[in-house]
Amino acid sequence: MDATESETREIVDGQLAAYNDGDAGAFAEHFAEDAVIAALSGDETTAEGRAAIREQYADLFAAYPDLECTFEDRLTVGPFDAVRERVTGMDEPMEALAIYEVRDGAIRRLWLGHA
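Report on the accompanying structure. (Residues numbered from 1 in each chain as written. Predicted model: local features only at pLDDT ≥ 70, side-chain atom pairs only at ≥ 80, totals over all residues. Heavy atoms only, no water.)

### As for the overall build of the protein chain
Looking only at helices and strands, one finds 3 helices and 6 strands in the protein chain. Written out in order from the N terminus, the α and β elements of the protein chain read α-α-β-β-α-β-β-β-β. Taken against the 2.2 N^0.38 rule, which gives 13 Å for 115 residues, the C-alpha radius of gyration of the protein chain at 13 Å falls within 12% of a compact globule. Overall size of the protein chain, expressed as C-alpha extent along the three principal axes, is 40 × 30 × 30 Å. Per-residue burial for the protein chain yields a buried fraction of 37% across its 115 residues. Surface summary for the protein chain: the accessible area is close to 6,200 Å², and the carbon and sulfur share equals 49%. Side chains of the protein chain carry 9 positive and 26 negative charges; the gap between the two charge centres is 4 Å. (Helix = DSSP H or I, 4+ residues; strand = E, 2+ residues; numbered from the N terminus. Rg over C-alpha atoms; globule rule 2.2 N^0.38 Å. Buried < 20%, exposed > 50% of the residue type's maximum accessible area, 1.4 Å probe, protein only. Areas by Shrake-Rupley, 256 points an atom, 1.4 Å probe, with all protein chains shown as cover. Lys, Arg positive; Asp, Glu negative; His and termini not counted. Charge placed at Lys NZ, Arg CZ, Asp CG, Glu CD.)

This is the structure we're talking about:
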């Protein structure tokens, strides 16, 4: 079932809060069991499945305990949420474009691109 725009935003906001808390388990719980994180260019899958997402982000949070992501701009259309993100707490601040697809109460797919 497709999410409404408010449901889409609620789920994406939940994963953002978990990201900013550095909680890989809570972060991964916002993703479907078979979710995929892929490069926006479409040429690389970076994580497949909730367990792989949890592991990948646990490593990221351990390496960078001061990570923080803020949403700079946002456009939500039904189950899709396109967000311009600013990530700090790494060596250099990073700007990214993230497109989330939310269905059946969870993030099914996340496409990420950054400069």
